[in-house]
Structures are given as C-alpha cells and as structure tokens.
Amino acid sequence: MITTLGEALRMALAQLRRNWSRTLLTSLGIAVGVGALVAIVGIGQGASRSIEQDLASMGSNLVSVEAGTGGGPQAHVSAPPFQDRDIESIRRQVPHLSGVAPMASSSVTTHYAGLTWSTSVTGSSPDWLGVAGWTLASGRALEDGEARSGAAVCVLGETVRENLFGDLDPLGARIRLGDADCTVIGVLAAKGENTMGMDQDDLVWAPVRFVQRRLLGTTGVDRILLSVDDAANTDEVLLSLDAVIRELRHVRSDATVDFQIRDTREMAEHVGGITTVLTGLLGAVAAVSLFVGGIGIMNVMLVSVGERTHEIGIRMAVGALQGDVMAQFLVESATLSALGGLAGVALGVAVTAVGATVLEVPFVVVPAAVIGAVVVSAGLGVMFGWMPARRAARLEPIDALRAP
Amino acid sequence: MSLIAFRGITRVYGQGDARVSALAGIDLDVASGEFVAFMGPSGSGKSTALNVMGCLDRPTAGSYTFRSLEVTDLVDQERARLRRAWIGFVFQGFHLLPRSTAVENVELPLVYRGISAARRRELAEHMLDEVGLADRRHHLPSALSGGQQQRVAIARALVTEPQLLLADEPTGNLDTARSEEIIALLARVNREHGQTIVMVTHEPDMAEHAHRIVHFRDGRIESEQRTGRTP
Ligand SMILES: Nc1ncnc2c1ncn2[C@@H]1O[C@H](COP(=O)(O)OP(=O)(O)OP(=O)(O)O)[C@@H](O)[C@H]1O
Ligand SMILES: [Mg+2]
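About the cut-offs
- Residues numbered from 1 in each chain as written.
- Chains lettered and ligands numbered in written order.
- Predicted model: local features only at pLDDT ≥ 70, side-chain atom pairs only at ≥ 80, totals over all residues.
- Heavy atoms only, no water.
- Helix = DSSP H or I, 4+ residues; strand = E, 2+ residues; numbered from the N terminus.
- Buried < 20%, exposed > 50% of the residue type's maximum accessible area, 1.4 Å probe, protein only.
- Contact = heavy atoms within 4.5 Å.
- Areas by Shrake-Rupley, 256 points an atom, 1.4 Å probe, with all protein chains shown as cover.
- Lys, Arg positive; Asp, Glu negative; His and termini not counted.
- Charge placed at Lys NZ, Arg CZ, Asp CG, Glu CD.
- Donors = N, O, S within 2.8 Å, 3.2 Å for Na, K, Ca; no water.
- Near = heavy atom within 4 Å.
- Polar contact = N/O pair within 3.5 Å; in protein donor to acceptor, adjacent residues only side chain to side chain.
- Nonpolar A, V, L, I, M, F, W, Y, C, P; charged D, E, K, R; others polar.
- Pairing = 2+ DSSP bridges.
- Domains from an automatic or database assignment.
- Axes fitted to C-alpha atoms, helices over the stretch in contact; angles between N-to-C directions.
- Buried area = accessible area lost by both parts, 1.4 Å probe.
- Salt bridge = Lys/Arg side-chain N within 4 Å of Asp/Glu carboxyl O.
- Disulfide = S-S within 2.5 Å.
- Patch = residues over 30% accessible without salt bridge, like charges linked within 9 Å, V, L, I, M, F, W, Y side chains within 5 Å.
- Phe/Tyr/Trp six-rings, centres within 6.5 Å; stacked < 30°, edge-to-face > 60°.
- Lys NZ or Arg CZ within 6 Å of the ring centre and 35° of its normal.

*Asks:* Just give me the short version of the overall build of chain B, but keep the residues and values in it.
*Replies:* Helices and strands together make up the secondary structure of chain B, namely 7 helices and 10 strands. Projected onto its principal axes, the C-alpha coordinates of chain B cover approximately 45 × 40 × 40 Å. When burial is assessed residue by residue, chain B has 53% of its 231 residues classed as buried. Across chain B, the fraction of contacts at a sequence separation of at least 24, relative to all contacts at a separation of at least 6, is 66%. With the model as given, the accessible surface of chain B reaches about 9,700 Å², and the carbon-plus-sulfur share is 46%. Seen as two clouds, the 27 positive and the 29 negative side-chain charges of chain B have centres 4 Å apart.

This is how it looks when you write it as structure tokens:
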C-alpha cells in the first residue's frame, strides 16, 4: 500500500460529501447507538454518585441494629426492644465505636405561634449528630445531661424551622411537640433531598428519654445506629456486635436471632448492585443498536462498492494495489462511523444533561466514555467495512473495468 | 532481449455455445524500446491481447514472460505491482473518473506511486500542456469532447513515464491534425525515453509511425510487416 492515510482520508471525505444524504442517514444509526451508550454511562455514573452522596450524608461507616428480623410487623412486636442497659453494654463491650445513637422515632404535629407542621421526631443521644452525619447551622446540640434527664429541649431540622419560624429566630422559643412542649436550642444544617426525593431536613431531634416518656410512653428502642471509627474495623465491629447482642438477649449460638445488623457498605452494595444491573441491561440495548448501526454501514459500503466497481477498475489499472483499494474503503467506512460516533457523543451528552435534570442526579460526563465512543465507532466502521472493502480489493481489474 | 514474449497465448470467453476464442494461440515478441502497431478487423482480439500484456486479464492458456518473468505464475498482488512499476494504459473507452477533473484524473497514477500532492499537480499540468489541454485542466470529463477525453487518458498514461505504454486506439476520436500531434508525441517518448509502445489502430497512416505492424484476424496473428523505421 502506497497511499498515505491522509490521502485515503481526503478521498473518503470527498466521497462522503458527495453522497451526503446517505452519509447522514447511515451515520445516524451509529449516532443513536453511541448516544444511548454515552447517556447510559453518564446517567448511571450520575446516579451512583448521587447514591454515594446519600450514603455519605447518612453518616459514614454506619452500622444499624434493629430488633426483630425485618419483614412483617409481627416480627417487630414479638422482638423485645433494646433497653438502656443494653445500649450501655454495647457501648462498653463493642470496640472501635465512635458513636452510639439509640433511635426512638414518632410522627408528631408541631405548633408554634398559631402555625402547625407535621413532622417526625427523632429521640436519640448526643452521639446522633456525628453518627448520622449532621452539623449545626445555629445554636447548640443536645448535651449528655439533657439526654440522661430527658430534658424538654429540641433541635430543629431546616424544614421544620422554615415552616414554624420563617424569618424569626427560633432559638429559645418554646414549641409544642404533640402533647409536650420543648425549648428550641439549635437548628441543623440542611442536607436537602436524597436520591429518592425524600426531604432529609423534615425532622426534630430531642433527647431519647423525652421522646420515650412524653410522646411514645415506652422504654427501650427498636433501633440503634452506631458509627465505626475506621471503615477497616467494620468487620470486627459487626462480629463483636453480634456476639454482644446474642449474649444480652440470651440467644444460643445455633438459634435464630431476633435482631438484625446492617452496615452502610452492605446498603451501598445493594443499591450499587441495582444500578449496575440496570446500566448493564440498558448498555446491552445500546450495544444492539450499535450493532444494527454497524450492519447499516456494511450495507451502505456494499452498495457503494457495487456502484463504484468501474472506479475501482480504473484505480487498479493505473497502479492501485489491493491494499490501496482496501484502505480507501476501510478509511471511508471508519470515517462514516466515526462521524456518527461524534454526533452520538453530542446527542448522548445532551440526553445526559436532560436526564440528569429530570432524575435530579449530578450531571457527569465521563471523558473516557466520550473518547471511547468515538474510537469504538471508528473501530466498528473498520469491522463492518472489512467485508465490503475486501470485496472491492479482490475484484479482477478487467472485470471491474467492464462494469458500467 | 525481448521485453514481452507471448507463446501460444489463448483467451477464451464464455462457455458452450457462447464460447469465443478472443485469442487463439498467439506467439509474439516485443523488444524493449520497440514501437509496435496492432491492426486488424473489429473483434480480431487486439484489445484482448493488450489487456493480457498489461496484466489486467489472465490468458486461458499459454505462456507470457515479461522481462523473463513468467506472468502467468504471479498472484494478483504481484501482477498489480508489476503493472504499477512498468505499465501505462490508454483505454479504448478512456475510463476516466467521471467526478474528477482532467488534472485530477492525470494525477491519479501518481497517487499510487507515493508522489507528493504538489509534485503531482506539477507533473499532471505539464502533461496536460503536452497534449494540448492546458485550458481544460479543471473540467470534468463530461464537459470535454470525446477527443479531449482521449487526450486526458493519454496524459494519464504518460505522466508516470511507463516503460511499457499500451495504447488502444489512442487517436480513434481525433481529427487528422490532432492525431498527427498525438502520434508525434508517442513517437517522441519512444525515441527520447526509449519507452516501449504497443498501439492498436485502424488507420494505416498512424501505423506507419511504428517500427512494426502486426495484423490480427480471428484471434490469430495473420502477418507482420516492418515499416522501415527502427528503434
Ligand atoms: N468480456 C468478454 N466476454 C465475451 N466475449 C468477449 C469479451 N471481451 C471480448 N470478447 C470477444 O472477444 C473477441 C475479441 O475482442 P477484442 O475486444 O479483443 O477485439 P478488438 O480486436 O479489440 O476489436 P475492436 O477493434 O472492435 O476494438 C470479440 O469477438 C469479442 O466479442
Ligand atoms: Mg478493441
């Protein structure tokens, strides 16, 4: 082969321009496939980033312990809750814990100065702030003494503050919380919505004992949140936690337990698994459409070779080698396909942008996916152009010259 | 030493009732630097003989040696290389690329010889001047007369200065004055550069410029005659 790549590219572009409507339609097939791939990867990345952000905002290295084995409500009823002394034991016996937060939740209606707002109250310890990954916007957090005594104090989530106080200063105000009153001592910094669109700021934080006595009329909690000091220690914590709680609840080692331990990693894997499966499925659909686009290219190149048989004969007669003819048609189909790939990237990025807005996930363009898409589509052009190009190169010069 | 040696070259087209022996056993030698004219009635096998010589067509039987190389033993790729290295064609039907201009058509053989774009343009324009088409460089073949197209085809064949020029009725569409000019050009490249020329013609006046005239009839060589000119 003696023609340079530049020469072949020049010929290819001239040819593609001459048949511009055919070029447009053929590359559209590739554009759709590439566009779909770029969009799927982009939105998939956005979704998993948003899930990561969610998990991070739930608090890092989080472990949750629940009474009952999940599932139906009976499981909950029959399983005894965790009492204060259980929580104390866990705090003392399980290593590597950086925080322990018993969780007693209740839906309540809040009132202040004639305004009403329905929300939920989270009764927990001072540790909860760090465990669940919150910071304060103003005021202060619960203190140990208040938690122990079950003082009538509370910290508002941003949504509750907004709805009850608007522009007023909530600190020091007394609000009604269901049947009880409490004094507002702080406001939590907003976290916003999570991936599912749930407002994370719609809550009130109060001492666990206050919520148990004044709102729920119970002792004990069904759920405990714990944070591990380092992700590397999570496995050790899980094991130790299991042993300690079995001991506390007198579960023999071979009996089924009536509690459940979960960690964020597990939740992340669960959610991540779903997105991976979805991305894989959609990716397969996109791959099929790419394949169909490739078949379109092969078809058009076969037609092109048929139409240009005489031209091929002339080129061979004046000195083109088989490799020259092959290169000419391969470069042509690769260019055709790469043009489709470029259009597809533009399409895909646009769809990603729209999709990211609609699905409220971060807009992520993965550069590797973009470059990969163009390279892959050029490669696709070579792959699907191979057979037509070889057919052209193998023509007998005299037969080709006799073609119309 | 002969450049070309045909021994019992046969070319059969079709099968059964449609079977045609375009060449029915040809023995022919062409010496290096010789200018040979093929004459004969239509259908007598002149073009077929030229196509076989130019490695565009394969003989059905017989032996063809080109510079002591047995061409019938070569694979496609080797024949293509031989064609590129030694041979220039002027076809009976011109065979110009319809969507390329005159100068682009003349450049085409140079593209496959790895010559830079600027040098290609220079050589092609010079060759078009030689055949009297300086003012038609950027015309498409469809905008040229038959005679002008023929001259573009001649320029394309000569631009590579091939050692073997195969010209199938190169003056078939030209008036007498133009024909004389073209034949003078061919005679000149033959004389000055020693390029071997095999030319098909129906006109005895044109054949007179060659060194030797070979007469074809029914796929055979009927007779040969020397014109008195010598290489
Ligand atoms: N592709 C082909 N298929 C079948 N027969 C063919 C083919 N090409 C040529 N022939 C036949 O071979 C014979 C020789 O043809 P050729 O073209 O060599 O003649 P020619 O001497 O060049 O004639 P002309 O002076 O008209 O150009 C003719 O009878 C022709 O019909
Ligand atoms: Mg002929």
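*Asks:* Tell me about the coordination of the magnesium ion (ligand 2), and name the residues and values.
*Replies:* Residue and element names in this part refer to chain B. Listed as protein donors to the magnesium ion (ligand 2) are Ser47 (OG) and Gln92 (OE1); their distances from the metal cover 1.9 to 2.4 Å. Of the two residues, Ser47 is situated in helix α1 (residues 46–53) and Gln92 in the loop between β6 (87–90) and α3 (102–111); the sequence distance between them amounts to 45 residues. Using a relative accessible area of 22% as the deciding quantity, one classes Ser47 as partly exposed.

*Asks:* A description of the site of ligand 1 should follow, citing residues and the corresponding values.
*Replies:* Neighbouring ligand 1 are 15 residues; Ser42, Lys46, Ser47, Thr48 and Gln92 of chain B lie closest to it. Looking at the residues close to ligand 1, they fall on chains A and B. A distance of 3.0 Å separates an oxygen atom of ligand 1 from a polar atom in the backbone of Gly45 of chain B. When the free accessible area of ligand 1 is taken as 630 Å², the share hidden by the protein chains comes to 67%. Of all the secondary structure elements, the ones that give two or more residues to the shell around ligand 1 are β2 (20–31) and α1 of chain B. The leading source of residues in the shell around ligand 1 is α1 of chain B, at 3 residues. Broken down by class, the residue content of the shell around ligand 1 amounts to 4 nonpolar, 8 polar and 3 charged.

*Asks:* Give a description of the pairing of strand β8 (residues 203–207) of chain A that names residues and reports values.
*Replies:* Residues and elements named next belong to chain A. A large share of β8 lies buried, amounting to 5 of its 5 residues. With 5 bridges joining them, strand β3 (residues 115–124) and β8 adopt parallel strand pairing. What sits directly across from Val121, in β8, is Val204. Judged from the 2 bridges that link them, strand β5 (residues 153–156) and β8 form a sheet pairing that is antiparallel. Within β8, the position partnered with Leu156 by the bridge is Val204.

*Asks:* So what's going on with the domain arrangement of chain A? Residues and values would help.
*Replies:* Annotation of chain A at the domain level lists domain 1 (8–54 + 270–402) and domain 2 (80–257). Here domain 1 of chain A and domain 2 of chain A have C-alpha centroids that lie 55 Å from each other.

*Asks:* Go over the sheet that holds strand β7 (residues 164–168) of chain B with me, naming the residues and quoting the values.
*Replies:* Think of a sheet as strands paired side by side through backbone hydrogen bonds, with each pair either parallel or antiparallel. Residues and elements named next belong to chain B. Strand order in the open sheet formed by 6 strands is β6-β7-β8-β3-β9-β10, with mixed pairing between adjacent strands. Here the strands that pair on one side only, and so sit at the sheet edges, are β6 and β10 (220–226). Each adjacent strand pair in this sheet contributes to an overall mean axis angle of 15 degrees, direction not counted. Note that strand β3 (residues 35–39) and strand β9 (residues 212–217) share 4 bridges and pair parallel. Of the residues in β9, the one forming a bridge with Val36 is Arg212. Helix-sheet contacts for helix α6 (residues 176–193) involve β3, β7 and β8 (196–200), and the interaxial angle to β8 is about 155 degrees.

*Asks:* Requested: an account of the interface of chain B and chain A, with residues and values cited.
*Replies:* By convention, interface size is frequently given as the accessible area that disappears when the constituent parts associate. If you look at the interface, chain B gives 26 residues, while chain A gives 26 residues. When the two sides are added together, the surface that chain B and chain A hide from each other amounts to roughly 2,300 Å², 57% of it contributed by carbon and sulfur. Inspection of the region where chain B meets chain A yields 2 salt bridges. The tally of links between chain B and chain A comes to 8 residue pairs in polar contact (both at pLDDT 80 or more). Looking at the side of chain B that touches chain A, the elements that each hand over two or more residues are α2 (76–86) and α3 of chain B. When grouped by side-chain class, the residues that make up the side of chain B that touches chain A number 11 nonpolar, 4 polar and 11 charged.

*Asks:* Please set out the state of the cysteines residue by residue, giving values where relevant.
*Replies:* Residue and element names in this part refer to chain A. Under the criterion given, the structure shown has 1 disulfide over all chains. Put simply, Cys154 and Cys182 are joined by a disulfide, and their sulfur atoms are 2.4 Å apart. Measuring handedness by torsion sign, the sulfur bridge of Cys154 and Cys182 sits at about 70 degrees and is right-handed. A residue pair is termed long-range when its members are at least 10 positions apart, and Cys154 in strand β5 and Cys182 in strand β7 (residues 180–188) qualify at 28 residues. Each of the two residues, Cys154 as well as Cys182, counts as buried.

*Asks:* For a nonpolar patch on the surface, give the residues involved together with the corresponding values.
*Replies:* All names here are of chain A. On the surface, a cluster of nonpolar side chains totalling about 740 Å² of accessible area is made up of Trp20, Leu24, Leu25, Leu28, Val32, Leu347 and Val351. Counting only elements with at least two residues in the nonpolar patch, the list comes to α2 (20–57) and α12 (322–359). Residue contributions to the nonpolar patch peak at 5 residues, all from α2. Relative to the helices and strands, Val351 is located in helix α12.

*Asks:* How would you sum up the packing of aromatic side chains? Please name residues and give values.
*Replies:* Residue and element names in this part refer to chain A. The final tally for this structure, using the stated rule, is 8 aromatic pairs over all chains. Note on Trp128 and Trp205: the rings are 4.9 Å apart at their centroids and 40 degrees apart in plane angle, and the pair reads as tilted. Here the residue Trp128 occupies a position in helix α5 (residues 128–131), and Trp205 occupies one in strand β8, the gap between them amounting to 77 residues. Centroid distance Phe291 to Phe384: 5.6 Å. Interplanar angle 70 degrees. Geometry classified as edge-to-face. Residue Phe291 is found in helix α10 (residues 264–307), and its partner Phe384 is found in helix α13 (residues 367–393); the two are separated by 93 residues along the sequence. Since its relative accessible area comes to 6%, Phe384 is described here as buried. Between the NZ or CZ atom of Lys191 and the centre of the ring of Trp134, over which it lies, the distance is 4.2 Å.

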